[in-house]
Amino acid sequence: MGSLATSLALGLRQLADSTVLRILLKSLGVTIIVFLIVATGGWFALDWLLAWGGLEDSLFTGAGAVRGAVSALLAVVGLWLTWRIVAMAVIQFYADEVVQAVEARHYPQQAELARDLPFAEQMRNALSASGRALLANLVALPLALILLFTGIGTFALFLLVNAVLLGRELQDMVWLRHCHSAGDCAPVSRAQRFLLGGVIAAMLAVPFANFLAPVLGAASATHLVHRNSRNRSNP
């Protein structure tokens, strides 16, 4: 897996590139805005559901404060689980810019042959990826709750699920510029895809590192795809 390690190192170095840094700051700003909107909406929705379920202010003294605290706790847990979905949905809209910046600097020949993805296709890809991620995490949620008592089981389950999802998303961000149907034609093995997705999924669960993870993933995936493609052409 030396190619993957090298690609991650190159992707990390790419974050110092002025073009990629601008994209990082822009995507980070949008992610935080979306995250705050989702957080606020989630809190109000949970507060309303608890009140509708019977935990009204008139139930007992301090019921409103209890409801607010429970809503806040549930919102924080929910947002921790959905941060990856929000962050990756946002970077989907900027992925093309990240890939273009990496290709222009390191793989100019491939950059000339790449196709520009129409906005409608980028929107469709972002919504599809977000929908798959949301569905997969919701399916995994019941088992994750059962595994809470293990201490690490819940984290390991979500890491596994999101490693699979992220690896495919990151590969497709790059390869769809060069192939209309990403799928099996991409020069990335399942193991590499899974490990790349695992590294980025783990970073998304770590404070501060989670801000860098989406852009690092897109840059590293670009290096991985093109380095593998070059190695395949020159065995």
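Residues numbered from 1 in each chain as written. Predicted model: local features only at pLDDT ≥ 70, side-chain atom pairs only at ≥ 80, totals over all residues. Heavy atoms only, no water.

Brief notes about the overall build of the protein chain
- From N to C terminus, the protein chain includes eight helices and zero strands.
- Helices and strands appear in the protein chain in the N-to-C order α-α-α-α-α-α-α-α.
- For the protein chain, the residues scored as buried account for 44% of the 235 residues in total.
- Within the protein chain, residue pairs in contact and separated by at least 24 positions form 77% of the contacts whose partners lie at least 6 positions apart.
- Within the structure as shown, the protein chain displays about 12,200 Å² of accessible surface, and the carbon and sulfur contribution to it stands at 70%. (Helix = DSSP H or I, 4+ residues; strand = E, 2+ residues; numbered from the N terminus. Buried < 20%, exposed > 50% of the residue type's maximum accessible area, 1.4 Å probe, protein only. Contact = heavy atoms within 4.5 Å. Areas by Shrake-Rupley, 256 points an atom, 1.4 Å probe, with all protein chains shown as cover.)

Considering the nonpolar core
- Counting residues in each nonpolar core, the largest one holds 39 residues, and the members touching the most others are Met88, Leu170, Met173, Leu196, Ile200, Leu204 and Val215.
- Of all the secondary-structure elements, those providing two or more residues to this core are helix H1 (2–14), helix H2 (18–52), helix H3 (63–106), helix H6 (153–175), helix H7 (190–204) and helix H8 (209–233).
- Of the residues forming this core, the biggest block, 11 residues, is contributed by H3.
- Dropping the residues within four chain positions of it, Val215 is found in contact with Leu15, Val20, Leu24, Ser27, Ile91 and Val98.
- Formed by eight residues, the second largest nonpolar core is a distinct cluster that contains Ile85, Ala140, Ala144 and Phe158. (Core = buried A, V, L, I, M, F, W, Y, C linked by side-chain atoms within 4.5 Å.)

Topic: the packing of helix H5 (residues 119–146) against H6
- The contact between H5 and H6 brings their axes to 10 Å, and the two run at 160°. Considered as vectors, H5 and H6 are oriented roughly antiparallel to each other. Considering only the axes of H5 and H6, their crossing is right-handed. Contacts between H5 and H6 involve Ala129, Arg132, Ala133, Ala136, Asn137, Ala140, Leu141, Leu143 and Ala144 on the former and, on the latter, Thr154, Leu157, Phe158, Val161, Asn162, Leu165 and Glu169. (Axes fitted to C-alpha atoms, helices over the stretch in contact; angles between N-to-C directions. Parallel < 35°, antiparallel > 145°, perpendicular 65-115°, else oblique. Left-handed = near helix turned anticlockwise from the far one by under 90°.)

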